[in-house]
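Chain residues, written in single-letter form:
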Amino acid sequence: DEESNELVVPAMSAIVFVEPMPSSKNYKPCDPKLKFKPPVRDRPIIGDGLGLLSTDPATVPFRGHFEYRWKVYTDLRKTIQETAGSLTQFACGYQQLGFTKDEETGRITYREWLPPAQSMSLVGDFNNWNEGATPMSRDAFGTWEVTLPPEAIPHRSKVKFCALTPDGSKVYRVPAWIRWSCPDLGKFGSTYDGIYWDPASSTDDLCFKGFTAPRPEMPQSLRIYEAHVGMSSIEPKCNSYLEFAKDVLPRIKESGYNCIQLMAIMEHSYYGSFGYHVTSPFAVSSRSGTPDEFKALVDEAHRMGLLVLIDLVHSHVSNNADDGLNGMDFGQAESDSYFMTGDRGYHRLWDSRLYCYKNYEVLRYLLSNLRWWLEEYNCDGFRFDGVTSMLYHHHGLYMSFTGNYEEYFSMQTDVDAVVYLMLASELVKSLRPNAIMIAEDVSGMPGLCVPVAEGGIGFDYRLAMSLPDLWISLLKEAKDEHWGMNHIISRMCNRRRGVEKTIAYAECHDQSIVGDKTIAFWLMDAEMYTGMGDDGTQGTVAIERGMSLHMIIRAITMGLGGEGYLNFMGNEFGHPEWVDFPREGNSWSSAHCRRRFDLADSGLLRYRFLLKWDVALHALEESTGFASDEHLLVSSQHEEDKVIVFERGELIFVINLHPCNDYMDYKVGVREHGRYKVCLDSDAYDFRGRGRTVHDWVYFSAPEGVPGGPGNFNDRMASITLKVVPARSCTVYEKLLEGHAQQTGMDTPVAQAIRHAVDAHEASAEERREMADRVQGA
């Protein structure tokens, strides 16, 4: 159908497609940029937005809130459809605003929405920064425009606009829709300039030719590696996109992760903000390279089978007026501004500006930003930062959420922001049904990860933000023998299982920042600098305790805490240093703004055992899918023994958190009758443990009668009696398949998969050690 550009398959017909091969006669390779794309259609507005009330009775008293929210949402959707044609067309703002190029004539048009400006002109290297050379005209809606001849602006040249404000001041600003922005590298503390980006007009050999790797399929369980490209180098420097793709992506892949979450990709002038004080939302961070180089990183990640999420910051924007979007604020009314006015437009704690989510042009800007990252950079989804700040007028400041539903659905709820998030969810799913949306929300708002049609906000996952607090509070405030098993289990399982999915994590970048401590640092502190040399023993008391608990904490978190798992770069092997970005207080040093992957590669240090455990844990999850399995049951949480036994999927996890007690002939309940055997053991010699667990033994279950009946053990129909449950250990047991011959001394199928992953990792680490030795020798 030429009019709709759709493939039509008529009734009662058969069609054969033949892929031309390079050896075929008259073969011509296709341009990757011209691949067929089916038209995008909005997901229809279905339901009444009240489905959540039937699945969560606690929301029933707030029916009026949900009805009002649904009406605001549907009215806004209809307005967008009437004015823009559809939600997906509305989100194509980058095709009209900012710099655009007519494909037929090559003429360049620049448009900027800025109603309060009295006059505007485009300036830059192309016109020697002459304010009067390229004046712009204004339309009735406050959009300024100018059209230039083909190639009037050279690729990679500096551009800004000059505006006359209502008070008569003249200002130079970076365009709001700029696709790349850089400071003057030759001047310390210089402001950012917009960079006109048109690689198609360049003869640069490094120009990105198009995405060639297929997007990976959605995995059963997300295992996310949170990474910061700039600080990912072993050397004290800011790493590049290409170096990250070459050196870090292979490490992530071999460790068993299936998704990377990239921080600090959106341009931000202040490096130390971890990327959260965004100045130019449509631009990739220039510190690490060009837009094309970031595309190459994404393509390489997809080639390795890794999904790519980016940290999306739509909750606030940097208050830096010289370098970014806040420069558009001339004190105008909210209807003419990106931001709310007065105190409502300022975040006191973050020292940043807040968007006006009810503004039509702001919605176009933010929704277009989502589509831009999905389509221009082929990303697979987003981790929305600061969602709590968006959901409430108080932004979560000085609030202690207790779970009372009146805290979630009241006059303090920012309905405009909630409706924006609902629109964002529907847009993303319309553009890419398998895209991932993760919300960073500390409040626990019900319905956050429920589909929009059912009355939710539409995210796929929420971060389990209370879990790092649990582990840090235990390590800071309680002796090991005082840890409460019930307390740990209640916090781990405190979520709406079966209704809303959660990404569990023991720690993220927040715990790595200078002034805080990672779990490894809380456990081992200064001995990380003196006691991590590997002499074949378990090390000092502090080191043995620290390594054991480091492994156990990760196993409990992945096994109980959610339906997915996240780890921050370097924490998987207990990175020994905090993150301290270059600043005046440290003489602008990058010594602590890097990741020492070489420590985990070294055959002389203990860090490699923590990394091997991480590899083994991911291999266990990959081969069984336990992290997303719906079956989760804690059969024992013994306070005196300090033992936790839980089932996840087909696996039995036995955790002994007692500091010194080994338990012999220890009875644990199992889900089904059968034979069981160890498939993973943190006390194994492979992880520099004491090797107390009996690996060769096959355990036959004993009947326990009717669960819950007289004399039944832990509500399970069967049990096994373990030879030993070592102190401070995590042991995982696999049920052997019926009829499958299993001899003593043989690894289980899952254990074999783990061994294969660990061996492959060890081989790669050995190659890196040999390469490092050759480089050092040279």
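To start, this report covers the structure provided alongside it.

1. Quick notes on the overall build of the protein
Stage number 1. Looking only at helices and strands, the protein has 16 helices and 31 strands in total.
Stage number 2. A globule of 778 residues ought to have a C-alpha radius of gyration of about 28 Å, and the protein, at 28 Å, matches this closely.
Stage number 3. On the principal axes, the C-alpha backbone points of the protein span a range of 85 × 70 × 65 Å.
Stage number 4. Burial statistics for the protein: of 778 residues in total, 57% are counted as buried.
Stage number 5. Counted over contacts in the protein with a minimum sequence separation of 6, partners at least 24 positions apart contribute 71%.

2. Considering the sheet that holds strand E2 (residues 108-113)
Stage number 1. Here we have four strands laid out as an open sheet, ordered E1-E2-E5-E4, and antiparallel in their pairing. Unpaired on one side and paired on the other, strand E1 (98-101) and strand E4 (137-138) mark the two borders of the sheet.
Stage number 2. Here four bridges tie E1 to E2, and the two strands are oriented antiparallel to one another. From the neighbouring strand, Gly98 faces E2, where its bridge partner is Arg111.

3. Here we look at the packing of helix H4 (residues 241-255) against helix H5 (residues 291-303)
Stage number 1. Their axes nearest at 8 Å, the elements H4 and H5 cross at an angle of 20°. Relative to H5, H4 is oriented roughly parallel. At the point where H4 passes H5, the crossing takes the right-handed sense. Along the contact surface, H4 presents Tyr241, Leu242, Phe244, Ala245 and Leu249, while H5 presents Glu293, Phe294, Ala296, Leu297, Glu300 and Ala301.
Stage number 2. Residue classes in the contact of H4 with H5 are distributed as nine nonpolar, no polar and two charged.

4. A word on the side chain of Arg353
Stage number 1. Looking at the element boundaries, Arg353 is found in strand E17 (residues 352-353).
Stage number 2. Within the structure, Arg353 has its side chain in polar contact with the side chain of Asn326 (distance 2.9 Å).
Stage number 3. Not counting residues up to four positions away in its chain, the partners in contact with Arg353 are His316, Val317, Ser318, Asn319, Asn326, Asp329, Phe339, Met340, Gly345 and Tyr346.

5. Looking at the pattern of salt bridges
Stage number 1. Applying the stated criterion across every chain yields a total of 54 salt bridges.
Stage number 2. One salt bridge connects Arg495 with Glu563, and the closest N-O pair in it is separated by 3.2 Å. One end of the pair, Arg495, is in the loop between helix H10 (485-492) and strand E21 (501-504); the other, Glu563, is in the loop between helix H13 (541-560) and strand E22 (564-568), with 68 residues separating them in the sequence. Glu563 carries the same exposure label as Arg495, and that label is buried.
Stage number 3. Close ionic contact of Asp534 with Arg688 constitutes a salt bridge, the shortest N to O distance being 2.8 Å.

6. Digging into the side chain of Arg716
Stage number 1. Within the element layout of this structure, Arg716 appears in the loop between strand E29 (702-703) and strand E30 (718-725).
Stage number 2. Setting aside anything within four residues of it in sequence, one finds Arg716 in contact with His631, Leu633, Ser635, Glu647, Gly669, Val670, Arg671, Glu704, Gly705 and Pro707.

7. Brief notes about H10
Stage number 1. Within H10 the residues assigned to the buried category are Met485, Ile488, Ile489 and Met492. Axial view of H10: buried residues confined to an arc of 95°, hence all on one face.
Stage number 2. Elements in contact with the buried residues of H10: helix H9 (466-477), H13, strand E23 (632-638) and strand E24 (643-648).

8. Quick notes on the environment of Tyr346
Stage number 1. Within the secondary structure layout, Tyr346 lies in strand E16 (residues 346-347).
Stage number 2. The partly exposed category is assigned to Tyr346, whose relative accessible area is 32%.
Stage number 3. Along the backbone, Tyr346 and His316 are 30 residues apart, and their C-alpha atoms lie at a distance of 8.7 Å.
Stage number 4. What Tyr346 contacts, discounting residues up to four positions off in sequence, is Asp351, Ser352, Arg353 and Leu354.

9. A few points about the packing of aromatic side chains
Stage number 1. In the structure shown here, the tally under the stated rule is 45 aromatic pairs.
Stage number 2. For the pair Phe384 and Phe459, a centre-to-centre distance of 5.2 Å together with 85° between the ring planes defines the contact as edge-to-face. Placement of Phe384 in strand E18 (residues 381-384) and of Phe459 in the loop between strand E19 (436-439) and strand E20 (461-463) is noted, with a sequence separation of 75 residues between them. Comparing Phe384 with Phe459, the two get one shared label, buried.
Stage number 3. Over the ring of Trp697 we find Lys723; its NZ or CZ atom is 4.2 Å from the centre of that ring.

10. Observations regarding a nonpolar patch on the surface
Stage number 1. There is a patch of nonpolar side chains on the surface, built from Leu7, Val9, Ile15 and Phe17 and spanning about 440 Å² of accessible area.
Stage number 2. Structurally, Val9 is set in the segment before helix H1 (51-55).
Stage number 3. Judged by relative accessible area, Val9 falls into the exposed class, the value being 52%.

11. As for the packing of H13 against helix H15 (residues 607-624)
Stage number 1. It is the contact of H13 with H15, at a shortest axis distance of 10 Å, that shows an interaxial angle of 20°. With respect to H15, the axis of H13 lies roughly parallel. Pair H13 / H15 crosses with right-handed handedness. In contact with Met547, His550, Met551, Arg554, Ala555 and Met558 of H13, H15 contributes Phe609, Leu610, Trp613, Leu617, His618 and Glu621.
Stage number 2. Of the residues belonging to the contact of H13 with H15, the class tally is eight nonpolar, two polar and two charged.

Conventions we followed
- Residues numbered from 1 in each chain as written.
- Predicted model: local features only at pLDDT ≥ 70, side-chain atom pairs only at ≥ 80, totals over all residues.
- Heavy atoms only, no water.
- Helix = DSSP H or I, 4+ residues; strand = E, 2+ residues; numbered from the N terminus.
- Rg over C-alpha atoms; globule rule 2.2 N^0.38 Å.
- Buried < 20%, exposed > 50% of the residue type's maximum accessible area, 1.4 Å probe, protein only.
- Contact = heavy atoms within 4.5 Å.
- Pairing = 2+ DSSP bridges.
- Axes fitted to C-alpha atoms, helices over the stretch in contact; angles between N-to-C directions.
- Parallel < 35°, antiparallel > 145°, perpendicular 65-115°, else oblique.
- Left-handed = near helix turned anticlockwise from the far one by under 90°.
- Nonpolar A, V, L, I, M, F, W, Y, C, P; charged D, E, K, R; others polar.
- Polar contact = N/O pair within 3.5 Å; in protein donor to acceptor, adjacent residues only side chain to side chain.
- Salt bridge = Lys/Arg side-chain N within 4 Å of Asp/Glu carboxyl O.
- Arc of directions from axis to C-beta.
- Phe/Tyr/Trp six-rings, centres within 6.5 Å; stacked < 30°, edge-to-face > 60°.
- Lys NZ or Arg CZ within 6 Å of the ring centre and 35° of its normal.
- Patch = residues over 30% accessible without salt bridge, like charges linked within 9 Å, V, L, I, M, F, W, Y side chains within 5 Å.
- Areas by Shrake-Rupley, 256 points an atom, 1.4 Å probe, with all protein chains shown as cover.

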